Amino acid sequence: MADTKTVAPKEGPATQFWNWLTETQVWTSVFRHERPNTDRNRVLVMLSNIFLHLHPVRIRKSGVKLRYTWCMGGLSFFLFLSLTLTGLLLMFYYRPTLEYAYTDIVGLREHVPLGIMREMHRWGAHAMVITVWLHMFRVFMTGSYKPPREFNWSVGVIMLVLTLLLSFTGYLLPWDQLAIWAITVGSNMARATPFLGHEGPGAQLLRLGDVPLIHAADDARFALLGGTFVGEGALLRFYVLHCVGLPLGIAVLMAVHFWRVRKDGGISGPM
Amino acid sequence: MGFIKGIFNAVADPRLFFLLAVGALLVAVWKREAVASNTVGYGMLALLGVFFAFGTFDPNFRLIVTKPDNVPIVGLIFLLLFFVWYSIREGVLNDRRIAAGNGPIEKAESDRVWVWPDLVYTELISLILCSVVLIVWSILLKAPLEQPANPANTPNPSKAPWYFLGLQEMLVYFDPWLAGVVLPGLIIVGLICIPYIDKNPKGNGYYTFTERKAEITIFLFGFAVLWASLIVLGTFLRGPNWNFFGPFEFWDIHKLAALTNVNLSEYVWVRALRTSYPSMWIVRELPGIILVLFYVLALPVILAKGLFKRYFEKLGAPRYYVTAFLFLMMMSLPIKMLARWIFNLKYIVAIPEIFFNI
Ligand code: HEM
């Protein structure tokens, strides 16, 4: 019998390098499966990677289409991540005190060559408000809030509120005229909270004898601003909420939200 | 040129602007078969683009539209118009399929595909595009920074951040306790309630209009007309002292707006009965109080027996009353607007003694 010679297909240097790389000990210690070009490995890639594991392994065809989701939920999440990153970088330079807040922003503007972190953070924040709104609109128009996804819609509404509050608290931090007056206009509303604001209906009823319980120095607005006007207390409060409190809250809710998208049967579709 | 600008300035008047927005919604819903065509959708966007391009030649228009924090709202107008149109269009296309017995397109695409590569690559590409847009935007447009904060120097107009300007616009018609606290609270509560009060089992997981006519029309009214158009109005068309200014008008600090608004109590006691006000506020405001109680408590019951009978039977009493309450609260804004525009009505109930004005 004559020897049959099998000829391996010609491999270019890039493929050779790739094949070598994916067989090194380092690579195989990180990725515990082969390249995702067989069904088995397409399952493994999703299951063995904690980030990809947010996804299911397979998904309805209609659900992967831009036509259906507009990718708005995904973009909201991506914008949140990029805001976290740029926000972190900004925190290295920014001190939330009356003395430094404004000048630190001026410094970022004047002394950082080609600096666009502040821009990326500000425009990213505007964009996130818009994408979250459009995401909600998409979910409404496809009827995706209907059973069994009622609860996830409610979680979403709370995240919408948190997104707005994040944006609102961040608006104050540059401590310029734009900032304090926008926050003054916004927070003045709290003065009129029924019963809890000193100019709100019913607040006068809450008194012990002659002593009013609700006044300018203890009402809802005071709690928000840490003072009777937008000053040092408000700056610190807004900074802490903006950099720690609200991001933590929304991150927890996002975990719940994504978990529930999967537990409720993945992206919605007709029964 | 001046003539065209004059027309736009006149049309942008809050009254006309609002009525046109309502009209546009009704047309979009009624004539959705025609609206669903690409010509209408992209034509609308192109016209809007031409309008903005034309506008930027005008110094007053340019000043307000290119304010850095206003630029995203220009984008928002285009995006919103596009997505409202697009979702109506997808609904119409599906409705045609359903009518032909084929079921929605999402039904035909029920089979499963691999997330790797079908979804992760879409996500990767969206992520890259989004980053590119964000970076280019950040390079082209500098974040604003004004003079250092100065509590002694109030700018005129003082505006809240743009996403709250719909609420600030409501302050024209309602006192802060309603416009800034109660109504926003009800918006949040109302949104959370939607899945629990909407009992219609159809239209779950696909675009459709015909199967959800009322739900979609009401939501579009709240989302596109009340929320979006009031933000646009508050951002671009409100100037010093919260006066109205057309898009091509100079923001004149000294513009005077006649303030001749009248309370309901004046209509009743002074103008109709030709007497002086009763001394006790509870008597003085009785007509208004009765009107408000009627609106909140009696009207839902009356509607349940009449106009909304169908919904009362479908939803059952608890769901119906929650829905009716939320719906009437939403409608209180346009009602108060109309009352202001037609009768110059200021307050229905005015009890400044306890900061209680409606
Ligand atoms: C911080 C904001 C939010 C993020 C990051 C987020 C993220 C996501 C993502 C990634 C999905 C998967 C499908 C998609 O991309 O459309 C999703 C689905 C969903 N979201 Fe959100 N979301 C947010 C806010 C909201 C809001 C405001 C609502 C509603 C009021 C909402 C309700 C829902 C529902 C009901 C689903 C399931 C949709 C389906 O199965 O078709 N989410 N969200």
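Residues numbered from 1 in each chain as written. Chains lettered and ligands numbered in written order. Predicted model: local features only at pLDDT ≥ 70, side-chain atom pairs only at ≥ 80, totals over all residues. Heavy atoms only, no water.

**Looking at the environment of valine 292 of chain B**
Part 1 of the argument: Mapped onto the secondary structure, valine 292 of chain B falls in helix H14 (residues 286-305).
Part 2 of the argument: Not counting residues up to four positions away in its chain, the partners in contact with valine 292 of chain B are Ile348, Val349 and Ile358 of chain B. (Helix = DSSP H or I, 4+ residues; strand = E, 2+ residues; numbered from the N terminus. Contact = heavy atoms within 4.5 Å.)

**Describing the interface of chain A and chain B**
A common measure of how large an interface is: the accessible area buried when the components associate.
Part 1 of the argument: On the chain B side, the residues contacting the 90 residues of chain A number 92 residues.
Part 2 of the argument: Summed over both sides, the interface between chain A and chain B buries roughly 8,700 Å², with carbon and sulfur atoms accounting for 71% of that surface.
Part 3 of the argument: Where chain A meets chain B, there are six salt bridges.
Part 4 of the argument: Its salt-bridge partner being aspartate 198 of chain B, residue lysine 146 of chain A comes within 3.6 Å of it at the nearest N-O pair.
Part 5 of the argument: Residue composition of the side of chain A that touches chain B, grouped by class: 56 nonpolar, 17 polar and 17 charged. (Buried area = accessible area lost by both parts, 1.4 Å probe. Salt bridge = Lys/Arg side-chain N within 4 Å of Asp/Glu carboxyl O. Nonpolar A, V, L, I, M, F, W, Y, C, P; charged D, E, K, R; others polar.)

**Re the coordination of the iron atom of the ligand**
All names here are of chain A.
Part 1 of the argument: Within the protein, the iron atom of the ligand binds to His135 (NE2) and His257 (NE2); these donor distances fall in the range 2.0 to 2.1 Å.
Part 2 of the argument: Coordination at the iron atom of the ligand is octahedral: its six donor atoms span angles of 86 to 178 degrees at the metal. Linking histidine 135 in helix H7 (residues 117-141) with histidine 257 in helix H11 (residues 232-263), this pair joins segments that are 122 residues apart in sequence. In terms of burial, histidine 135 and histidine 257 fall into one category: buried. (Donors = N, O, S within 2.8 Å, 3.2 Å for Na, K, Ca; no water. Tetrahedral: all angles 85-135°; square planar, octahedral: opposite > 155°, others 65-115°. Buried < 20%, exposed > 50% of the residue type's maximum accessible area, 1.4 Å probe, protein only.)

**Some words on the nonpolar core**
Part 1 of the argument: Residues Trp133, Phe137, Trp153 and Leu172 of chain A together with Trp162, Tyr163 and Phe236 of chain B are the most contacted members of the largest nonpolar core, which totals 138 residues.
Part 2 of the argument: Excluding anything up to four places from it in sequence, tryptophan 133 of chain A contacts Leu160 and Leu164 of chain A together with Trp162, Tyr163, Phe223 and Trp227 of chain B.
Part 3 of the argument: In terms of nonpolar packing, the next biggest core, distinct from the first, is built from eleven residues, Met46, Leu52 and Val64 of chain A together with Val120 of chain B among them. (Core = buried A, V, L, I, M, F, W, Y, C linked by side-chain atoms within 4.5 Å.)

**A few points about the packing of aromatic side chains**
Part 1 of the argument: The final tally for this structure, using the stated rule, is 47 aromatic pairs over all chains.
Part 2 of the argument: For the ring pair tryptophan 133 of chain A and tryptophan 227 of chain B, a centre distance of 4.1 Å and an interplane angle of 45 degrees mean the geometry is tilted. In this pair, tryptophan 133 of chain A is assigned in helix H7 and tryptophan 227 of chain B in helix H11 (residues 213-236), connecting two distinct chains.
Part 3 of the argument: Arranged with centres 4.8 Å apart and planes meeting at 0 degrees, the rings of phenylalanine 137 of chain A and phenylalanine 223 of chain B form a pair that is stacked. Taken together, the positions of phenylalanine 137 of chain A in helix H7 and phenylalanine 223 of chain B in helix H11 put the pair across two chains. The same class applies to phenylalanine 137 of chain A and to phenylalanine 223 of chain B, which are both buried.
Part 4 of the argument: For the cation-ring pair, arginine 95 of chain A lies above tyrosine 100 of chain A, with the distance from its terminal atom to the ring centre recorded as 3.8 Å.
Part 5 of the argument: Arginine 122 of chain A extends its terminal NZ or CZ atom over the ring of tyrosine 171 of chain A, reaching a point 5.1 Å from the ring centre. (Phe/Tyr/Trp six-rings, centres within 6.5 Å; stacked < 30°, edge-to-face > 60°. Lys NZ or Arg CZ within 6 Å of the ring centre and 35° of its normal.)

**Some details on the domain arrangement of chain B**
Residue and element names in this part refer to chain B.
Part 1 of the argument: You can read the domains of chain B as domain 1 (2-109 + 117-142 + 206-242) and domain 2 (264-357).
Part 2 of the argument: Put simply, the middle of domain 1 and the middle of domain 2, counted by C-alpha atoms, are 33 Å apart.
Part 3 of the argument: Contacts between the two partners involve nine residues from domain 1, matched on the other side by eight residues from domain 2.
Part 4 of the argument: When domain 1 packs against domain 2, the two sides together hide about 730 Å² of surface, and 93% of this comes from carbon and sulfur.
Part 5 of the argument: In this assembly, domain 1 and domain 2 are joined by zero salt bridges.
Part 6 of the argument: There are zero residue pairs in polar contact (both at pLDDT 80 or more) connecting domain 1 and domain 2.
Part 7 of the argument: A total of six residues in the side of domain 1 that touches domain 2 trace back to one element, the largest contributor, which is H11.
Part 8 of the argument: Grouping the constituent residues of the side of domain 1 that touches domain 2 by class yields seven nonpolar, one polar and one charged. (Domains from an automatic or database assignment. Polar contact = N/O pair within 3.5 Å; in protein donor to acceptor, adjacent residues only side chain to side chain.)

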